[in-house]
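Remarks on the overall topology
Okay, here's what each chain looks like letter by letter:
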Amino acid sequence: MIRLYVESALSPGAVVEASEAQAHYLGGVMRRAVGDIVHLFNGTDGEWACRIATLARGKSALAVEVQVRSQAEEPGPWLVFAVLKRDTTDLVVQKATELGVSALLPVFTERTNAARVNLDRLRAIATEAAEQSERLTVPDIRPARQLHDLLRDWPTDRALHVAQERADAQPLGRAEGAAGLLIGPEGGFGPRDHAMLDRCRFVRAVSLGPRILRAETAAIAGLALLQAPRCG
Ligand code: SAM
């Protein structure tokens, strides 16, 4: 079943205009036609079966019919990650979305090499991953900021698990309650980053095992551990 994220309200009888890219995807890529069913979700109204009413030349209108899933909360962890090279950042955003994060917060650290982040591109990747992984929400992607600013504004009731290789850190396990995971850049955290992190009461240094993982591997492994299902 094709699932598409839209920003329009979804209710019985509503008609939703697909974007040009979605219309192209429906007609040109997936070879769907007028009368076919597509599922739409918008992050607030659940998921709806919709019938393609029109589809031609990069335009499509979808008639909303029946709700197939009601909206449910998706209170996943926040992933804070030092901005990486473009392809690696894309991978982190895609996999973190599949793994259920509710927010992605790119940061610049002492040893971050990238100077900027293309938020529109990251939002498109997260949207596609949310559609594919049957989520009902798309994670919030915040503008990239300096680590210092992020720590200053961090909600102190949310534990921030900072992945630190080569440190005397506790193994990362399942987190109860609101949590964040911070992953450093390719070159690791620098002394100024460590000094800032050490001053924050909500920070907890965590280990992902004895090997030095690439940042993207660390993000994926860390998110899996943080949300590991309870046994029994
Ligand atoms: N250049 C660093 C070094 O050789 O020590 C390695 C940095 S690692 C490629 C990138 C990030 O992944 C680190 O800043 C850390 O957040 C995370 N990471 C990698 N391996 C880890 C491990 N075993 N435990 C915890 N965090 C890890």
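All residue numbers refer to positions counted from 1 along the written sequence of the respective chain. Since the coordinates come from a predicted model, pLDDT governs what is reported: local features require at least 70, and pairs of side-chain atoms require 80 or more to be given and counted, while whole-chain, interface and lining totals use all residues. As a rule here, side-chain values come from all non-hydrogen atoms in the structure, and water together with hydrogens is ignored.

Focus on the pairing of strand β13 (residues 203–207)
Within a regular strand, side chains alternate between the sheet's two faces. Alignment of strand β10 (residues 159–163) against β13, held across four bridges, turns out to be parallel. Counterpart to H161 in the pairing with β13 is R204. Two strands pair when backbone bridges link them, and strand β11 (residues 170–171) and β13 are joined in this way by two bridges, in the parallel orientation. Bridged to Q170 within β13 is V206. We call two strands paired when DSSP finds no fewer than two bridges between them. Each helix is a run of DSSP H or I of at least 4 residues and each strand a run of E of at least 2, with the numbering of both proceeding from the N terminus.

Describing the sheet that holds strand β2 (residues 15–17)
Strand order in the open sheet made by the five strands is β1-β3-β4-β5-β2, with mixed pairing throughout. The two strands at the open ends of the sheet, each matched to only one other strand, are β1 (3–5) and β2. The mean inter-strand angle of the sheet, taken between neighbouring strand axes irrespective of direction, is 40°. Taken strand by strand, helix α3 (residues 119–132) contacts β1 and β3 (37–41), and its axis lies near 145° from that of β1. Each axis is a line fitted through C-alpha atoms, taken for helices only over the stretch in contact, and angles between the N-to-C directions span 0 to 180 degrees. Contacts are residue-level and defined by heavy atoms, with any inter-residue pair within 4.5 Å sufficient.

Some points on the environment of R57
With respect to the helices and strands, R57 occurs in the loop between β4 (47–56) and β5 (59–69). Note: C-alpha distance between R57 and G28 (29 residues apart in sequence) is 9.7 Å.

Considerations on the site of the ligand
The criterion for a residue being near a molecule or strand is simple. One of its heavy atoms has to lie within 4 Å of it. As a matter of local geometry, the ligand sits amid 21 residues, with A163, R166, L208, G209 and R211 nearest to it. Here E165 contributes a side-chain N or O atom positioned 3.3 Å from an oxygen atom of the ligand. Here an oxygen atom of the ligand sits 2.8 Å away from a polar atom, N or O, in the side chain of R166. Only the protein chains shown count as covering a residue, and every accessible area follows the Shrake-Rupley method with a 1.4 Å probe. Within the complex, the protein chains bury 87% of what would otherwise be the 590 Å² of accessible surface of the ligand. Only protein atoms enter the calculation, which uses a 1 Å grid: trapped sets of points that fit a 1.4 Å probe without letting it out are cavities, open sets showing protein on both sides within 12 Å along at least five of seven lines are pockets, and any residue with an atom within 4 Å of a point is a lining residue. More than half of a molecule's atoms lying within 2 Å of a cavity's or pocket's grid points is what places that molecule inside it. Cavity membership is defined here by more than half of the atoms lying within 2 Å of grid points; on that basis the ligand lies in the second largest pocket. Elements represented by at least two residues in the shell around the ligand include exactly β13 and α6 (215–226). Class assignment for the residues of the shell around the ligand results in 10 nonpolar, six polar and five charged. Contacts described as polar in this section are N or O atom pairs within 3.5 Å, which, within protein, must combine one atom able to donate a hydrogen with one able to accept it, while residues neighboring in sequence count only if both atoms come from side chains. By the convention adopted, Pro, Cys, Tyr, Trp, Phe, Met, Ile, Leu, Val and Ala count as nonpolar, Lys, Arg, Asp and Glu as charged, and the other residues, Gly among them, as polar.

Points about the packing of aromatic side chains
Here is the rule: rings of Phe, Tyr and Trp (six-membered ring for Trp) pair when centre to centre is within 6.5 Å. Planes less than 30 degrees apart are stacked, more than 60 are edge-to-face, and the remainder are tilted. Tallied over the entire structure, the rule returns three aromatic pairs. Aromatic side chains W78 and W154 sit 5.3 Å apart centroid to centroid with 80° between the ring planes, which places their arrangement in the edge-to-face category. Of the two residues, W78 is situated in strand β6 (residues 78–82) and W154 in the loop between α4 (147–153) and β10; the sequence distance between them amounts to 76 residues. W154 shares its class with W78; the two are buried. Members of the aromatic cluster, connected to one another through ring pairs, are W78, W154 and F202. Cation over ring: R3 sits above F41, and NZ or CZ is 4.4 Å from the ring centre. Only when the NZ atom of a Lys or the CZ atom of an Arg is both within 6 Å of the ring centre and within 35 degrees of the ring normal do we say a charge sits over the ring. The ring of W78 carries R158 above its face, with NZ or CZ at 3.9 Å from the centroid. Relative accessibility decides the category of a residue: with a 1.4 Å probe and only protein chains considered, values under 20% of the type maximum give buried, values over 50% give exposed, and everything between is partly exposed.

As for the side chain of R135
Its place among the elements puts R135 in the loop between α3 and β8 (140–141). On the basis of relative accessible area, R135 is assigned to the buried category, the value being 5%. Side-chain polar atoms of R135 contact the backbone oxygen of T137, separated by 3.1 Å. Excluding its chain neighbours within four sequence positions, the residues that come into contact with R135 are R3, F41, E74, A96, T97, G100, V101, S102 and A130.

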